[in-house]
Amino acid sequence: DLADAFEDQGIAALTDSYTNDWNSVAINAGQLSTELSTEGLAVGEYKLYTRDESGLWSLPSAHIVEVLENTTAPEAWMDGGYYYVSEQAWFDSSEKGTAYLIHNDLTATLTDVQDLTYLIDTADPTLWNHTAVNRVYWETAMPLTGLQPGVYSLYVLDRGGLWSAASEEAVTVGWDPVQLSS
């Protein structure tokens, strides 16, 4: 177990294995706050260690960070409207992860939002698109290139594997207008 490995091999050995039991971030300046994500960590309690440029480890922090199971689904929203396939639609999400714009015909018979993973794996790729969500509560662009015309709703899959409900508003995607030359 993790505690035995630490006792036997020291903290450096832990970074070679137990990949979901530790996380790291570079500290670029002393005396400043640095965000350390708990993403990907197993449920449990953690202490913070630091390592200086010479490779020396600190004593453990006095505070314990508890990582809990992710049970909160993300929220997704976008402004509805009509867009051409050459444009992009803008959306927001409450969590980081991946946003999916999915044709409403594909989701019409969906009974469980968690089935979206299977749906995407088997669907025609011209009926859905996706993009990374790297910032929460920040407008992010969803490219519409390659999509068939139709009505699409937005879903977000958070990094913990939970799907949002469909956005309240949908977008209609249509072909670009034809330019006639004289």
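Structure: see above.
Residues numbered from 1 in each chain as written. Predicted model: local features only at pLDDT ≥ 70, side-chain atom pairs only at ≥ 80, totals over all residues. Heavy atoms only, no water.

Peer 1: Go over the sheet that holds strand E3 (residues 76–78), please, and point to the residues and values.
Peer 2: Ordered in space as E3-E5-E8, the 3 strands form an open sheet in which the pairing is antiparallel. The sheet is open, and its two borders are formed by E3 and strand E8 (140–143), each paired with just one other strand. On average, each strand axis in the sheet is inclined to that of its neighbour by 40°, with strand direction left out of account. In the sheet, strand E5 (residues 88–93) pairs with E8 via 4 bridges, with the strands oriented antiparallel. (Pairing = 2+ DSSP bridges. Helix = DSSP H or I, 4+ residues; strand = E, 2+ residues; numbered from the N terminus. Axes fitted to C-alpha atoms, helices over the stretch in contact; angles between N-to-C directions.)

Peer 1: Describe in detail the side chain of asparagine 129, supporting the description with residues and values.
Peer 2: Examined against the element boundaries, asparagine 129 turns out to sit in strand E7 (residues 128–133). At 2.7 Å, the side chain of asparagine 129 and the backbone oxygen of proline 143 are in polar contact. Contacts of asparagine 129, omitting those with residues within four sequence positions, involve Ala99, Tyr100, Leu101, Met142, Pro143, Leu144, Thr145 and Leu147. (Polar contact = N/O pair within 3.5 Å; in protein donor to acceptor, adjacent residues only side chain to side chain. Contact = heavy atoms within 4.5 Å.)

Peer 1: Quick rundown of the side chain of threonine 131? Include the residues and the values.
Peer 2: Mapping threonine 131 onto the fold places it in strand E7. Ignoring sequence-local partners within four residues, the contact set of threonine 131 consists of Phe91, Thr98, Ala99, Thr140, Ala141, Met142 and Pro143.

Peer 1: An account of a nonpolar patch on the surface is needed here, citing residue identities and associated values.
Peer 2: There is a patch of nonpolar side chains on the surface, built from Val25, Ile27, Leu36 and Leu48 and spanning about 340 Å² of accessible area. For leucine 36, a relative accessible area of 36% puts it in the partly exposed group. (Patch = residues over 30% accessible without salt bridge, like charges linked within 9 Å, V, L, I, M, F, W, Y side chains within 5 Å. Areas by Shrake-Rupley, 256 points an atom, 1.4 Å probe, with all protein chains shown as cover. Salt bridge = Lys/Arg side-chain N within 4 Å of Asp/Glu carboxyl O. Buried < 20%, exposed > 50% of the residue type's maximum accessible area, 1.4 Å probe, protein only.)

Peer 1: Account for the sheet that holds strand E10 (residues 171–174), with residues named and values stated.
Peer 2: The strand order across the open sheet formed by 5 strands is E4-E10-E9-E6-E7, and the pairing between neighbours is mixed. Strand pairing shows two members of the sheet lacking a second neighbour, strand E4 (81–84) and E7, which therefore form its edges. On average, each strand axis in the sheet is tilted by 30° relative to the strand beside it, whichever way the strands run.

Peer 1: Explain the environment of proline 74 to me, using residue names and the numbers behind them.
Peer 2: Of note, proline 74 is situated in the loop between strand E2 (65–67) and E3. The buried category is assigned to proline 74, whose relative accessible area is 4%. Spatially, the C-alpha atoms of proline 74 and leucine 157 are 7.3 Å apart, while their sequence positions differ by 83 residues. Residues contacting proline 74, with those up to four places away along its chain left out, are Ser93, Ser94, Glu95, Val156, Asp158, Leu162, Trp163, Ser164 and Ala165.

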